[in-house]
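# Tertiary structure, described
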Amino acid sequence: MIDEITFEVLRHRLDTINDDAAAVLARLSGSHLAAEARDLNTAIMAPDGRVVCCGRYVLAQVVSMHLVVRDILEHYADNPGFGPGDQFVTNDPYIGTLHQPDVVVVAPIFVDGTLVGWCGSTAHQADVGGPNPGGITYDARSIFDEAVPMPPVRIVEGGRLRRDLEREYLVRSRTAELNRLDLVGQVAANRSVAAEVGRLCDQYGADAVAAVMDRLLERTEALLRERLRALPDGRWRHVAHVEYRPHGSTTEAVYAVRLTMTKRGDDLELDFTGSDPQAPGAINAAYPALAGFAIGSVLIYLCGGLPWVPGGVWPVVRIRSREGTVAHAKWPAGVAMSTAATCQAIRVCVNACVARMLEASPDLAHLVMASCQAAGGGGGTVHGERGDGTSYATMTLDEITGGGGARWDGDGADSSGYTTSPGASCANVEVNEAYLPLLYERRAELADTGGPGRHRGGVGTLHALTPYGEGASMTMMSFGQGLQHPLAAGVCGGEYGGQSVVAVVPGLDGLGEAAEWPLPMPSATMPIRPGELLVSVSQGGGGVGDPLDRDPGEVLDDVADGLVSVGGARRDYGVVVTGDPDDPGGLGVDEPATARCRDERRHARIGRPPAPAAPARGGRRLSAALDLLPGGAGDVVACGRCGTVLCEAAGNVYAHLVVSDASPAGRSPLGAVYEGAERFVVRRLYCPACAVQIDVQVCRAGDPVLAAIELI
């Protein structure tokens, strides 16, 4: 039996070894994607592949890495076999990577001839081949129109990099030298882990290290089950949408990712079987990507304060899916754009459902967080030629500047990026300008992009860049998401974060109020000519709670800081700000006008004067705004603010709320409106008595109201 002190020492040593490996990879790679943006991760695994330690960079890249190891154990145990010093490379999204550009290298760890574990590293590589520079083909009809994936191949044998396989791997790429440096960095990162774990075993014994791994897995599972038992049972739903223009089509189709999350006792089920059939193109998620984003989201949104040991989460969370859907593609569906499309919808669905579950618990509601940004239209690949005729193909990663979701007790972080990639970030402007033939005209946080709420979502960011250098050319392939409708869900009655924007314009004033609407949706290629600007806006994070409940003083602070405009304060929060925004010290709140404005808004929501708030809440909390109360003939659902009974406990409370549909264009950044936006509505649901905003949904026009909460 290993004592607790030794256990703590060894688990922290393992975490440090793993984190040091990520630093090795970042230092050795010549790619700004790894060295600057940290679009990478590392993991240490048990002998069967279960992930024991994961880096804090792009979580989804490693939480399902055991699938790669299990494929090797299943197919290669005898032929070709594996031994000390061996390493395997793969970029096959149907086996265990997220998509083809995310290359995984795994290595067994042997000590005195015994397999004690595995280690792995992953990095987004600039170009892995295929018809389109950057490794992603927007209008692919199947995976055969994309970069051809490589199943696990033993590229390092007995500690020696095999030159024949290295050449086979690199010949696919337009950026072979960058990819070679990434590959060398990944191999070196794994070697450092194997060496350090070997030293740990020499010092404490291999049995002790194995015992620590086993205890981490067992303890994490036990702690997560304990947390689930402390939460009420129930069923929660969310739907997120993906826009995509299939090959040969002139308009975008809409694909829905549908999640029904059920919690009973200490068991959590994520059911994606209701998602739409797979697309004839690049946006689909293969099962490893579905699992990676689903489990990664559970880690972020449910496991705060618990050990981040993905191998201990897997036994608790059951993923149900249906092969042949957009969330679980069937070979040979195209999947290269999955991480920026369907996978973001998967993450948002898990985020929203977990938040709904947590808000029902007075003890764990502090963990509630709205959705951060999703990959937007400003995300994508850029390629072209420098003035000297050499080619480039990569991502700028400007999109990783969107807002974080608001929390139960505070605002979201501004321009903070993806919550599920806590260690990843955009590259500095100067770094991108050094690597690529471009010049930034502007990068700045953009007011009114954060989702309104009692607590505001973080704001997104405006980017404007142009080709730079004589003879330089640039073409963008946009991911094209979040332009027609917002993606970053608010919770507890909070609003969605602002939409994406991407357009090629003659100047920064080309997207003003005088612009021609609607804008065309981005095509597979968007050339940016000298003198033109590529303008993009990353999304804001979702809000928490009814925006009319936000403290006017906090709204005033946001206006003074340039995060909310004077017009946005009135439109989104019902707060009347006086004074000149250019003189923050002279700004103030007109309190009587604000009170009148908010009263008028509540009246308009339900068509009559709202009922007063009750002195206290009663019964069991069903959500932030709903309570379960005892009634004469059985339990009933009531408004948590005014106490008005809405329906019986077995009924659908959403059928008894006031519903208001509005165009998503009302809060679009820069006033941008895209072709096809009329297909979506922002649906707000209010208590029919007191007008408190209970929920906000984004759906296709004409869709029925989603019953997002169900008692079981």
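Please refer to the structure higher up on the page.
What comes next is a walk through the structure. (Residues numbered from 1 in each chain as written. Predicted model: local features only at pLDDT ≥ 70, side-chain atom pairs only at ≥ 80, totals over all residues. Heavy atoms only, no water.)

In this section: the overall build of the protein. Counting its regular elements, the protein contains 13 helices and 29 strands. At 26 Å, the protein has a C-alpha radius of gyration in line with the 27 Å of a compact globule built from 712 residues. When the backbone C-alpha atoms are referred to their principal axes, the protein occupies close to 75 × 70 × 50 Å. A total of 712 residues make up the protein; the buried ones form 62% of that total. On the protein, roughly 24800 Å² of surface is accessible, and the fraction owed to carbon and sulfur atoms is 51%. (Helix = DSSP H or I, 4+ residues; strand = E, 2+ residues; numbered from the N terminus. Rg over C-alpha atoms; globule rule 2.2 N^0.38 Å. Buried < 20%, exposed > 50% of the residue type's maximum accessible area, 1.4 Å probe, protein only. Areas by Shrake-Rupley, 256 points an atom, 1.4 Å probe, with all protein chains shown as cover.)

What follows concerns helix H5 (residues 176-204). In this model H5 runs 42 Å from its N-terminal to its C-terminal C-alpha over 29 residues, within 8% of the 42 Å that 1.5 Å per residue would give. A positive backbone phi angle near 100 degrees is found at Gly205, which sits one or two residues after H5. (Expected span 1.5 Å × (residues − 1).)

Positionally, Pro584 belongs in the loop between strand E20 (577-578) and strand E21 (588-589). Sequence separation of Pro584 and Val559 is 25 residues, and the distance between their C-alpha atoms is 8.0 Å.

Counted by the stated rule, this structure contains six aromatic pairs. Consider the rings of Tyr76 and Phe88, whose centres lie 5.8 Å apart with planes at 25 degrees: the pair is stacked. With Tyr76 in helix H3 (residues 66-76) and Phe88 in strand E3 (residues 87-90), this pair connects stretches of sequence that are twelve residues apart. With 5.1 Å between their ring centres and 55 degrees between their planes, Phe82 and Trp118 make a pair best called tilted. In this pair, Phe82 is assigned in the loop between H3 and E3 and Trp118 in strand E5 (residues 114-124), connecting sequence segments 36 residues apart. The exposure class assigned to Trp118 is buried, which follows from its relative accessible area of 0%. The ring of Phe7 carries the charged tip of Arg215 above its face, separated from the ring centre by 5.1 Å. (Phe/Tyr/Trp six-rings, centres within 6.5 Å; stacked < 30°, edge-to-face > 60°. Lys NZ or Arg CZ within 6 Å of the ring centre and 35° of its normal.)

The next point concerns the side chain of Asn18. Among the secondary structure elements, Asn18 is positioned in helix H1 (residues 4-28). In this view, Asn18 contacts Thr42, Ala43, Ile44, Cys53, Cys54 and Gly55; residues no more than four positions away in its chain are not counted. (Contact = heavy atoms within 4.5 Å.)

This paragraph deals with the packing of helix H4 (residues 163-170) against H5. When two helices pack together, their arrangement is given by the angle between the helix axes and by the axis-to-axis distance. Packing of H4 against H5 brings their axes to within 10 Å, and their N-to-C directions diverge by 130 degrees. In terms of axis orientation, H4 runs oblique to H5. Judged by the sense of rotation from one axis to the other, the crossing of H4 with H5 is right-handed. Here H4 contributes Glu166, Tyr169 and Leu170 to the contact with H5, which in turn contributes Ala176, Asn179, Arg180 and Leu183. Looking at the contact of H4 with H5, its residues break down into four nonpolar, one polar and two charged. (Axes fitted to C-alpha atoms, helices over the stretch in contact; angles between N-to-C directions. Parallel < 35°, antiparallel > 145°, perpendicular 65-115°, else oblique. Left-handed = near helix turned anticlockwise from the far one by under 90°. Nonpolar A, V, L, I, M, F, W, Y, C, P; charged D, E, K, R; others polar.)

Let us look at the sheet that holds strand E11 (residues 317-320). In spatial order, the strands read E11-E10-E9-E8-E29; together these five strands make up an open sheet with mixed pairing. Of all the strands in the sheet, the pair left with one neighbour each is E11 and strand E29 (709-710). One ladder, built from eleven bridges, connects strand E8 (residues 234-244) with strand E9 (residues 253-264); its direction is antiparallel. Looking at E9, one finds that Gly234 is bridged to Lys263. (Pairing = 2+ DSSP bridges.)

Burial of strand E23 (residues 626-629) is two-sided: the residues Leu626 and Leu628 facing one way and the residues Asp627 and Leu629 facing the other way are all buried. Where strand E22 (residues 620-621) and E23 come together, two bridges link them in antiparallel fashion. By the bridge assignment for E23, Arg621 is matched with Asp627. Adjacent in sequence and paired antiparallel, E22 and E23 are bridged by four residues.

Examined against the element boundaries, Arg235 turns out to sit in strand E8. A residue is classified by how much of its surface remains accessible, and Arg235, at 16% relative accessible area, is buried. Looking at Arg235, its side chain comes within polar contact range of the side chain of Thr262, at 3.0 Å. Apart from the residues lying within four places of it in its own chain, the contact partners of Arg235 are Thr260, Met261, Thr262, Arg264, Ala708, Ile709, Glu710 and Ile712. (Polar contact = N/O pair within 3.5 Å; in protein donor to acceptor, adjacent residues only side chain to side chain.)

All of the buried residues in helix H11 (residues 552-560) are Val555, Leu556, Asp558 and Val559. The buried residues of H11 all sit within an arc of 160 degrees when viewed along its axis, so they share a single face. Residues of H11 that are buried sit in contact with helix H12 (566-573), E20 and E21. At the N-terminal end of H11, a side-chain oxygen is found 2.8 Å from the backbone nitrogen of Gly553, two or three residues along, and the residue is Asp551. Downstream of H11 by one or two residues, Gly562 has phi in the positive range, about 80 degrees. (Arc of directions from axis to C-beta.)

This part is about the sheet that holds strand E17 (residues 501-505). Each strand in a sheet pairs with its neighbour through backbone hydrogen bonds, running either in the same direction (parallel) or in the opposite one (antiparallel). On the basis of which strands lie adjacent, the open sheet formed by four strands has the order E14-E15-E19-E17 and antiparallel pairing. Looking at the sheet topology across the chains shown, the edges are occupied by strand E14 (438-445) and E17. Strand-to-strand twist of the sheet, defined as the mean angle between neighbouring strand axes without regard to direction, takes the value 15 degrees. In the sheet, E17 pairs with strand E19 (residues 533-537) via five bridges, with the strands oriented antiparallel. What sits directly across from Val502, in E19, is Ser536.

All right, on to the nonpolar core then. Grouped together as the largest cluster of nonpolar side chains are 113 residues, with contacts concentrated most on Val106, Leu270, Phe272, Ile283, Leu302, Met337 and Ile346. Ranked by residue count, the leading element in this core is helix H7 (residues 287-302), at eleven residues. Among residues more than four places away in sequence, those in contact with Phe272 are Val257, Arg258, Leu259, Leu290, Ile319, Arg320, Ala327, Ile346 and Val350. Of all hydrophobic cores here, the second largest spans 34 residues; its members include Leu14, Leu25, Tyr57 and Cys201. (Core = buried A, V, L, I, M, F, W, Y, C linked by side-chain atoms within 4.5 Å.)

Now for the packing of H1 against helix H6 (residues 206-229). Taken N-terminus to C-terminus, the directions of H1 and H6 make an angle of 90 degrees; their axes are 10 Å apart at the nearest point. The angle between H1 and H6 falls in the class roughly perpendicular. Across from Glu4, Phe7, Glu8, Leu10, Arg11 and Leu14 in H1, the residues of H6 making contact are Ala208, Val212, Arg215, Leu216 and Arg219. For the contact of H1 with H6, the class distribution of residues is six nonpolar, no polar and five charged.

What follows is about the pairing of strand E13 (residues 391-394). Bridge count for strand E12 (residues 380-385) against E13 is four bridges, and the pairing is antiparallel. Residue pairing across strands places Glu385 opposite Ser391, the latter belonging to E13. Where E12 hands over to E13, the hairpin turn is made up of five residues, of which Gly389 adopts a positive phi near 90 degrees.

Here Gly292 is to be found in helix H7. According to the relative accessible area criterion, Gly292 is buried, its value standing at 0%. Residues within four places of Gly292 in sequence aside, it is in contact with Ala60, Val63 and Ser64.

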